Amino acid sequence: MTSTLAFTHEVAERFLRYVVIDTQSDPSSPTCPSTAKQKNLGRLLAAELKEMGLADAHLDEHGYVYATIPATSDKKVPVICFCSHMDTSPDCTGANVRPQIVKNYRGGDIALPGDPVQVIRVADYPELNNQIGNDIITTDGTTLLGADNKAGVAEIMDAAHFLLRNPQIKHGTIKILFTPDEEIGRGVDKVDLNKLGADFAYTMDGETAGTIEDETFSADGATITIEGVSTHPGFAKGKMEHAIKIAAGIIERLPKDACSPETTEGRQGFLHPIGISGALEQATLGFIVRDFAEAGLKDKEALLENIVKDVMKGFPRSTWRMEVKEQYRNMKVVIDRHPEIVNYAIEAIRRAGLQPVRSSIRGGTDGSRLSFMGLPCPNIFAGEHAFHSRLEWVSRQDMEKAVQTIVHLAMIWEERA
Ligand SMILES: [Zn+2]
């Protein structure tokens, strides 16, 4: 079955409206949302949803936006939620975003006008080869764009608008959820799943058009604390054991050509130092550990522990401890219990005129935590590319395909109910 729906889109216009609102999150802030400015976008979205006719649309005190699109079908259809995050990465500034549109892209590298160093090269982003004739939205090169994840936000908003304008389209109850602080790993900390009341969910936060991701990394954090032996440096011979030097020795022993972010891809995991602090007496090393399989995580943690033990042999009077904390788990085990979630999404992508591609995420999403909280939640493409950077881009046409995928997906859940 192919689409006979007469789609009209305002997704790019919505997107341009949202990206100029700075919603950068801040990992050092203890509040939720981590930055109050995220609520500026939340308020706008809640108001736009209300204006569309969604009576229950609201922004809550924690910075989450909830809304319900009422069912148009009498069938008992599972309640489906579409979810995107409103914040942008702390890695790259999101203030004063000035979007640029390359209309009817003819191929070739895209130079960004605000900074001559910033060029989106086809060699780095070969997906540009599939964008000929499309309208490509970039920044001026001085900020990130925020397509991660305002493309997803705009797509869900546009799909809601389309469904509300076309009540003849049959679908069950659809929930909309916009979250703060995904980029700092706190996107679902304060989500109220009872209030949301959804059976299954989809994040709209993937990259290339056509992709559906039902797998994420499993993730742990590891902290190593070293207690060295401090003495006056003038009288230290044979006594001092320097915690900073021990820490440096551990980093030095990490594998050089494997097991790191810069040497792995596809389904390979890694062990990655993310912080080091210390003085003579005590030093702390922070790591993140990533793998698609639990066993892979344990292997990497054992490798780290063995390196530490080995280095510590040279410092007999110093002590150490290693603490491993679970961060999130591969959502595939949860999603596989309900194969229809992914199968319907694949069918929806096909009906939107795309070739579905199933893949895995070398990272986590709100969906991985939602899945383990009881709301199975794979990730559908939003069209965002080069996220967390000044070279970030998205095309109007890919966003439109994502809107169509949402609409078809809502229809498929109703058809199969
Ligand atoms: Zn994202």
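Refer to the preceding data block for the structure.
No experiment lies behind these values; they were computed from the predicted model shown.

One pass over the full model with this rule turns up seven aromatic pairs. With 5.7 Å between their ring centres and 20 degrees between their planes, Phe82 and Tyr202 make a pair best called stacked. You can see Phe82 sitting in strand β3 (residues 80–85) and its partner Tyr202 sitting in strand β9 (residues 200–206), a full 120 residues away along the chain. Each of the two residues, Phe82 as well as Tyr202, counts as buried. For the ring pair Phe217 and Phe270, a centre distance of 5.6 Å and an interplane angle of 90 degrees mean the geometry is edge-to-face. Placement of Phe217 in the loop between β10 (211–216) and β11 (218–227) and of Phe270 in strand β12 (residues 270–278) is noted, with a sequence separation of 53 residues between them. Both residues of the pair, Phe217 and Phe270, belong to the buried class. Members of the aromatic cluster, joined through ring pairs, are Phe200, Tyr344 and Trp413.

Right, let's talk about the state of the cysteines for a bit. A complete count under the given rule lists zero disulfides for this structure. There is no disulfide at Cys32, and the cysteine sulfur nearest it, in Cys83, is 14 Å away. Accessibility expressed as a relative area gives 23% for Cys32, which makes it partly exposed.

This next bit is on the pairing of β9. Buried residues dominate β9, accounting for seven of its seven residues. In this structure, β3 lies alongside β9, joined through four bridges in parallel fashion. Within β9, the residue paired with Ile80 across the bridge is Phe200. For β9 and strand β16 (residues 379–381), the ladder comprises three bridges, and the chain directions are parallel. Residue Thr203 lies in a different strand from β16, and its bridge partner there is Asn379.

Right, let's get into helix α6 (residues 294–312). Spacing of three or four residues puts side chains on the same side of an α-helix, whose turn is 3.6 residues. The end-to-end C-alpha distance of α6, which contains 19 residues, comes to 27 Å, matching closely the 27 Å that a straight helix rising 1.5 Å per residue would cover. Buried within α6 we find Gly296, Leu297, Lys300, Glu301, Leu304, Ile307, Val308, Val311 and Met312. Seen end-on, α6 carries its buried residues on one side only, within an arc spanning 155 degrees. The inward-facing, buried residues of α6 abut β11, α5 (243–252), β12, β13 (282–291) and β14 (319–328).

Here we take up unusual backbone geometry. The general pattern is negative phi for most residues beyond glycine and trans for most peptide bonds. Here Cys32 and Pro33 are connected by a cis peptide whose omega angle stands at 0 degrees. Mapped onto the secondary structure, Pro33 falls in the loop between α1 (11–19) and α2 (38–52). Residue Asn149 is reached from Asp148 by a cis peptide bond, and omega for that bond is 15 degrees. The phi angle at Cys259 is positive, at roughly 65 degrees, despite the residue not being glycine. Mapped onto the elements of the fold, Cys259 is located in the loop between α5 and β12. Judged by relative accessible area, Cys259 falls into the buried class, the value being 15%.

What counts as what
- Residues numbered from 1 in each chain as written.
- Predicted model: local features only at pLDDT ≥ 70, side-chain atom pairs only at ≥ 80, totals over all residues.
- Heavy atoms only, no water.
- Phe/Tyr/Trp six-rings, centres within 6.5 Å; stacked < 30°, edge-to-face > 60°.
- Helix = DSSP H or I, 4+ residues; strand = E, 2+ residues; numbered from the N terminus.
- Buried < 20%, exposed > 50% of the residue type's maximum accessible area, 1.4 Å probe, protein only.
- Disulfide = S-S within 2.5 Å.
- Pairing = 2+ DSSP bridges.
- Expected span 1.5 Å × (residues − 1).
- Arc of directions from axis to C-beta.
- Contact = heavy atoms within 4.5 Å.

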